[in-house]
Structure formats: C-alpha cells, structure tokens
Amino acid sequence: MKTAIFAGGCFWCMVQPFDSQPGIDSVVSGYTGGHTENPTYEAVKAHTTGHTEAVKITFDPDIISYAELVNIYWHQTDPTDAMGQFQDRGDNYRPVIFVNGPKQRRIAEASKRALQASERFSKPIVTAIEDAKPFYPAEARHQRFYKNNPVVFAEQEAGGRADFIAAQWADAPKVD
C-alpha cells in the first residue's frame, strides 16, 4: 500500500471523490504542513498552527495509480486559487499536493504542467506541490463527514465547489 496527501479546501469535501474508488483502502481527514504537533480543528481554523486541512489516502498502486489520484484531485479543486477553495478562505484551505518522494513529485509536477498547457483555465495553475510533512488525523467527528452529516455536507458543497466542478469539468471524462 502507498499513501497520497492532498489539500483542496475543506477536508469534508475532499473525502467522497476518493472514498469510492477501487483500490482505495482509506481516506482520512487531517492536518499537515504546520508547526504544531497534534493540532486541533479549532487551532487550525484559527490559523495558529500553520497546518492545512488535507486528506491522506492509502491506496493499492496495482489497482489505482498515483497519477490517477492526482487527476481525481484536479477535478475537485480550483487550481487557480491559492488562497483557499470556494467559500473556504485562508492558508488552512490552500490547495496543495503533498508528495511522498521524488516519484510522486515527478508525477504531480508533470500533471500540473499538462493542466497549465491544456489552457482549460485562463489563469495560472497555482496549486502548490510540497514535500509531505507529518500528518495528524482530525478528530473523529470529521471523518467520513459526507456520510455521517449529509445535510451539513450538502451545505458545504453548495458553497460553489459543485457548481465549479460541473462548469469547469463538464467536458472532461467523468471521475467516478
């Protein structure tokens, strides 16, 4: 099994697109990239830890490749917005691909270049690609939020993400 870490705004909204993919063992909501050990949701949200909300995906590379995961990731975010995602604003919601080693870095950087070259977006692709840092799982109430809190999850999705995905990726192959 391998791991991948992606940040794309509220971690609640980043679980479902990966959770149902073949070859995915787990998708854990959590915090990474900061300077505080074992941060809490409240501290991260208060911008005192330097962490970003992210998901850590454990996957079987014989079933789903890292490149496929990166492609799914692009389809969930606005890669032209470095200051958050949709209604979620601030450094704790910034879009980042946290890479585990040089192979993941090569794949992520090549994918980012290809997305920029595609001219799908009129603005530059600003999603950061950074080395993975310690990942701290979020509190239990944040895990699989879309299943456990469907009403609140739907309100989050109504903050612009779903509309953006529908408009921006309508002509792209569907990611199930």
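The shown structure was predicted, so the numbers you read here are calculated from the model rather than taken from an experiment.

Reading the values: the criteria
Residues numbered from 1 in each chain as written. Predicted model: local features only at pLDDT ≥ 70, side-chain atom pairs only at ≥ 80, totals over all residues. Heavy atoms only, no water. UniProt positions renumbered as here; feature names shortened; annotations may be inferred. Helix = DSSP H or I, 4+ residues; strand = E, 2+ residues; numbered from the N terminus. Buried < 20%, exposed > 50% of the residue type's maximum accessible area, 1.4 Å probe, protein only. Pairing = 2+ DSSP bridges. Axes fitted to C-alpha atoms, helices over the stretch in contact; angles between N-to-C directions. Contact = heavy atoms within 4.5 Å. Polar contact = N/O pair within 3.5 Å; in protein donor to acceptor, adjacent residues only side chain to side chain. Core = buried A, V, L, I, M, F, W, Y, C linked by side-chain atoms within 4.5 Å.

Draft legend 1. Layout of the UniProt feature "domain: Peptide methionine sulphoxide reductase MsrA" (unreviewed entry) in the protein. Following the UniProt record, one finds the feature "domain: Peptide methionine sulphoxide reductase MsrA" (unreviewed entry) at residues 3-151. Along residues 3-151, the helical share is 30% and the strand share 25%, with 30 Å between the first and last C-alpha atoms.

Draft legend 2. Geometry of helix α1 (residues 12-19). Of all eight residues that make up α1, seven are buried, and the element is covered over most of its length. Within the span of α1, buried status applies to Trp 12, Cys 13, Met 14, Val 15, Pro 17, Phe 18 and Asp 19.

Draft legend 3. The arrangement of the sheet that holds strand β1 (residues 2-7) in detail. One open sheet accounts for six strands, arranged β7-β6-β1-β3-β2-β8; its pairing is mixed. Both edges of this open sheet fall to β7 (128-131) and β8 (135-137), since each of them pairs with a single strand only. Adjacent strand axes in the sheet meet at a mean angle of 35°, parallel and antiparallel pairs treated alike. Examined bridge by bridge, β1 and strand β3 (residues 52-59) share five bridges and lie antiparallel to one another.

Draft legend 4. Spotlight on the environment of Val 55. One can find Val 55 in strand β3. We classify Val 55 as buried; its relative accessible area is 0%. Those residues within four positions of Val 55 in sequence are excluded, and the remaining contacts are Ala 4, Ile 5, Phe 6, Phe 11, Met 14, Val 15, Val 27, Val 28, Ser 29 and Phe 135.

Draft legend 5. Spatial organisation of the side chain of Thr 127. Mapping Thr 127 onto the fold places it in the loop between α4 (102-117) and β7. Setting aside residues no more than four positions away along its own chain, Thr 127 makes contact with Tyr 73, Trp 74, Pro 79, Pro 95, Val 96, Ile 97 and Lys 112.

Draft legend 6. The arrangement of the side chain of Gln 104 in detail. Along the chain, Gln 104 turns up in helix α4. The buried category is assigned to Gln 104, whose relative accessible area is 9%. In this structure the side chain of Gln 104 is engaged in a polar contact, spanning 2.8 Å, whose partner is the backbone oxygen of Thr 3. Each residue touching Gln 104, except ones within four places of it in the same chain, is listed here: Thr 3, Ala 4, Tyr 66, Phe 98 and Val 99.

Draft legend 7. Seen up close, the nonpolar core. Ranked by size, the top nonpolar core spans 40 residues in total, and within it Phe 6, Phe 18, Ile 57, Tyr 66, Leu 69 and Ile 97 carry the most contacts. For this core, the leading source of residues is helix α3 (residues 66-74), giving six residues. Setting aside residues no more than four positions away along its own chain, Phe 18 makes contact with Phe 6, Ile 24, Val 27, Ile 57, Leu 69, Ile 72 and Tyr 73. Membership of the second largest hydrophobic core comes to six residues, among which are Ile 5, Ala 54, Val 96 and Phe 98.

Draft legend 8. Quick peek at the pairing of strand β6 (residues 96-99). Residues Val 96 and Phe 98 of β6 are buried on one face, and the alternating residues Ile 97 and Val 99, pointing to the opposite face, are buried as well. Bridging between β1 and β6 involves three bridges; their strand directions are antiparallel. If you follow Ile 5 over to β6, its bridge partner there is Phe 98. For β6 and β7, the ladder comprises four bridges, and the chain directions are parallel. Residue Phe 98 lies in a different strand from β7, and its bridge partner there is Glu 130.

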